[in-house]
Amino acid sequence: MRQYKLLLVLTLTVLTLNPAMSALTMTVTSDMVFSGEAATLTCSVSADNGETLNAKQWQDQSGDVIGSGPGESEKNGVQYTITDLGVSGNELLNWKLVSASVTSDKQLTCFALISAEAVEVVEDSGKVEVVGLTPVNNVTTSGDSSSVSCILTGISGSDVQVEWSQGGSPLSRGSHLESKDFTETDKVAVLTVPDITSDQTYTCTFTGEAGGSVSSTVKIDHVTITAGGASGVDTGTRVTLSCVLEGADSAPIETNWFRSDGSAITGRESGFSPYTSATFKEGLGSQTDSLIIESVNKSENFTCCFVFKEGDCVEGVAELDVIVVEDEEGEGQEGDGQEGGGEGDVGGSGDDLDNDIGDGLGGETGSESSDNIDEDADQGDDDGTDEGDDDDKDLGSSGDNNTDDGADEDDLGNGASNYWRKSVWMWASSFAFILVTSRI
């Protein structure tokens, strides 16, 4: 009986001298890595009432023990390294576990056995998530704003933060515009920068709330496009427009041409022939594309579009200035034909006049000679016949020549030719009259 009383006293004494342990705090970090990279988890335990650490242990998601102290080990085909980091302040435990070449998500658990007069086991788990991060670059020309983005995949939940930096320093406020679109599976961060005048490189960094981060660089590629148009060309002319790309980091995957109304020129259209006249040159980042238009009919702007693998379309505008020529040639030909006909009529009148004069002079002269001359009949006959015939022939020849002149004058096509024609006929008539009267 006395022994039982002594045990009860001792038990009450221990409980009185050793109050309950304070709340223990265990923290296990997580990590996000790209496939094939090493993942690092840390485990720390803190207390403030004189507790001690009796044991520690890492286990994998299958419950198999990875290790209980510093060193390397292999478990289920995965290589691990455990390192003690040292404690400070109220820490009882601070160590890390490195898992080499992670290719799939993992969950690793840290255990700690803590005691004073009593013993308590604490545990917590950390996750290793294999993620993907896709940078989306952009291509732009001077003065334009441009957007780049980073797309994080493979991480669940929304406890992720993103930060943009350039040259190792966070971007200053007001120099850019940030936006994001986070879903359960994809985390998209977008950075928009105004007034680009040169190449720019930025870094996006995603950080998980429980630890771990991944980063990627994105680039805005500044290029120039020089468009060659055509000015002052006549309708129906065959022209070649061109666009010269310079300063590109990579070759465009295709080039498209568009009319001013936005419709695409497919390359199979009649009268249009788009083609690459100078292929992409590394180093210079240059390429020339051209568009042949077989027969232009109006002034119009044509847009060339260099398409890159990122999906960006960098544009240049080639201006086509066409001079529309009115179809006056047909009207002129029709007028010339009318004028030619008029001159032909005048020529015909001249021929008729020649014939009238020739006939009148020849007939009347012969008649008057035979009636009025009483000289020798033979001589009169000879004179009348010879001279009359000669006169008729001369005048007839003159008429023929003048007919030819009238035909030649068809080409003159003006009123002056009629005036000179009449003058010639008057001169010929006077000459014939004088000749006849002189003989009388």
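Residues numbered from 1 in each chain as written. Predicted model: local features only at pLDDT ≥ 70, side-chain atom pairs only at ≥ 80, totals over all residues. Heavy atoms only, no water.

A. Fine view of the sheet that holds strand 22 (residues 254–258). Pairing is mixed across the open sheet formed by 5 strands, whose spatial order is 20-27-26-22-23. This sheet does not close on itself; its edge strands, each paired only once, are strand 20 (230–234) and strand 23 (264–265). Alignment of strand 22 against strand 23, held across 2 bridges, turns out to be antiparallel. Within strand 23, the residue paired with Phe-258 across the bridge is Ala-264. (Pairing = 2+ DSSP bridges. Helix = DSSP H or I, 4+ residues; strand = E, 2+ residues; numbered from the N terminus.)

B. Focus on the sheet that holds strand 25 (residues 286–293). With antiparallel pairing, the 4 strands of this open sheet are ordered in space as 19-21-25-24. Looking at which strands have only one partner, the edges of the open sheet turn out to be strand 19 (224–228) and strand 24 (272–281). Looking at each pair of strands side by side, their axes are set apart by 15° on average, direction ignored. Of the pairings in the sheet, the one linking strand 19 to strand 21 (residues 239–246) comprises 5 bridges and is antiparallel in character. Paired with Ile-225 across the bridge in strand 21 is Leu-245. (Axes fitted to C-alpha atoms, helices over the stretch in contact; angles between N-to-C directions.)

C. Just the packing of aromatic side chains, in detail. All chains considered together, the criterion is met by 3 aromatic pairs. Plain terms: the ring middles of Phe-182 and Phe-206 are 6.5 Å apart, the flat faces sit at 40° to each other, and that makes the pair tilted. Placement of the pair is Phe-182 in strand 15 (residues 177–182) and Phe-206 in strand 17 (residues 200–208), with a sequence separation of 24 residues. Residue class for Phe-182 comes out partly exposed when judged on its relative accessible area of 22%. For Phe-206, a relative accessible area of 0% gives the class buried. Aromatic side chains Phe-272 and Phe-302 sit 6.3 Å apart centroid to centroid with 50° between the ring planes, which places their arrangement in the tilted category. Taken together, the positions of Phe-272 in strand 24 and Phe-302 in strand 26 (residues 300–307) put the pair 30 residues apart, joining distant regions of the chain. Side by side, Phe-272 and Phe-302 carry an identical accessibility label, which is buried. The aromatic ring of Phe-272 is capped on one face by Arg-259, whose charged end is 5.1 Å from the ring centroid. (Phe/Tyr/Trp six-rings, centres within 6.5 Å; stacked < 30°, edge-to-face > 60°. Buried < 20%, exposed > 50% of the residue type's maximum accessible area, 1.4 Å probe, protein only. Lys NZ or Arg CZ within 6 Å of the ring centre and 35° of its normal.)

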